[in-house]
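The chain contents come next:
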Amino acid sequence: RDSVATLEKSEAELFTNLCSFCWRLGDDPEPVPMVFDYDLPLYTARGITFDSLTHLTSIGLTTFDPNMSFTKKGLPKQLSMRYFDTLVDLAFPDADGANDIEVGHVFLTKTGEQLAPIAGAGPVEGFRELVVSVWRESNLLKGDWSAERL
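Within each chain, residues carry numbers counting from 1 in the order of the written sequence. Since the coordinates come from a predicted model, pLDDT governs what is reported: local features require at least 70, and pairs of side-chain atoms require 80 or more to be given and counted, while whole-chain, interface and lining totals use all residues. Excluding hydrogens and water, the side-chain figures rest on all heavy atoms present in the structure.

S.K.: Before we go on, may I ask you to explain the side chain of T86 in this structure?
M.R.: Along the polypeptide, T86 turns up in strand 6 (residues 86–91). Burial classification: accessible surface area is computed with a 1.4 Å probe over protein chains only, and a residue below 20% of its type maximum counts as buried, one above 50% as exposed, and the rest as partly exposed. Among the residues examined, T86 registers a relative accessible area of 17% and is labelled buried. A polar side-chain atom of T86 sits 3.4 Å from a polar atom in the side chain of R128. Secondary structure elements follow DSSP: runs of H or I of four or more residues count as helices, runs of E of two or more count as strands, with numbering from the N terminus. Under the rule applied, a polar contact is a pair of N or O atoms within 3.5 Å (in protein, one hydrogen donor and one hydrogen acceptor; residues adjacent in sequence only if both atoms are side-chain atoms).

S.K.: Looking at this structure, how should I read the sheet that holds strand 2 (residues 31–33)?
M.R.: Two strands make a pair as long as DSSP finds a minimum of two bridges between them. The antiparallel open sheet is built from four strands, whose spatial order is 2-1-5-6. A single partner strand is all that each edge strand has here, and the edge strands are strand 2 and strand 6. Between one strand axis and the next, the sheet turns by 35° as a mean value, whatever way the strands run. By the bridge criterion, six bridges tie strand 5 (residues 78–83) to strand 6 in an arrangement that is antiparallel. Within strand 6, the residue paired with Y83 across the bridge is T86. Only the stretch in contact is used when fitting a helix axis, every axis being a line fitted to C-alpha atoms; angles between N-to-C directions are given from 0 to 180 degrees.

S.K.: Sorry, what's going on with the nonpolar core here?
M.R.: Counting 43 residues, the largest nonpolar core has F15, W23, M34, M81, I101, F127 and W135 as its most contacted members. What makes two residues a contact is simply this: any of their non-hydrogen atoms within 4.5 Å. Beyond its immediate stretch of four places on either side in the chain, M34 contacts F21, W23, L25, Y43, M81, E102, V103, F127, V131 and W135. Nine residue types can take part in a nonpolar core, namely buried Ala, Val, Leu, Ile, Met, Phe, Trp, Tyr and Cys, and a core is a set of them joined through side-chain atoms within 4.5 Å.

S.K.: What is the right way to read the side chain of T109 from this model?
M.R.: Among the structural elements, T109 can be located in the loop between strand 8 (106–108) and helix 5 (110–115). Of the residues examined, T109 reaches a relative accessible area of 19% and is grouped as buried. Beyond its immediate stretch of four places on either side in the chain, T109 contacts G60, L61, T62 and T63.

S.K.: What's the story with the environment of V103 in this structure? I'm lost.
M.R.: Relative to the assigned elements, V103 resides in strand 7 (residues 101–104). The class for V103 is buried, based on a relative accessible area of 3%. Counting along the chain gives 31 residues from V103 to K72, while the straight-line C-alpha distance between them is 7.0 Å. If near-sequence neighbours (up to four positions away) are discounted, V103 is found in contact with V32, P33, M34, V35, F36, S69, F70, T71 and K72.

In structure tokens:
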């Protein structure tokens with residue numbers, strides 16, 4: 001299926017909404033959706049649900065697995081994460097060099113990665129804070145990413 005040619009308007013809008021939850025990891029140009037709990041109102045208010053994520057997978061834009069969380073592995077010891085115009089610096093605390101980070105239940109396929117930059121997504125109010133709190137709990141934040149800075 002040619003995803004772009006046959007994408008319905010509602011599917012395009014849903015994909016744009018998903019892209020509003022994407023971060024960029026370090027120098028990697030590919031966006032990574034951070035969908036940790038698709039039942040949270042932050043996601044559901046924008047149509048991101050079990051059914052919609054399953055649908056985006058069925059049309060070839062994402063891979064969704066509700067039973068496991070995907071992990072980006074082998075990242076540098078220190079990493080700047082970008083959410084639209086915001087940079088958040090991370091430092092992995094483990095000396096073993098694993099440097100892995102959980103990114104949630106969804107990742108973009110090659111087609112999704114190619115469409116994401118033109119999807120027209122914008123930041124979601126409160127989402128940056130949610131992700132930063134997850135990283136704070138994992139002791140990954142570097143610098144002064146205190147609650148006041150958010």
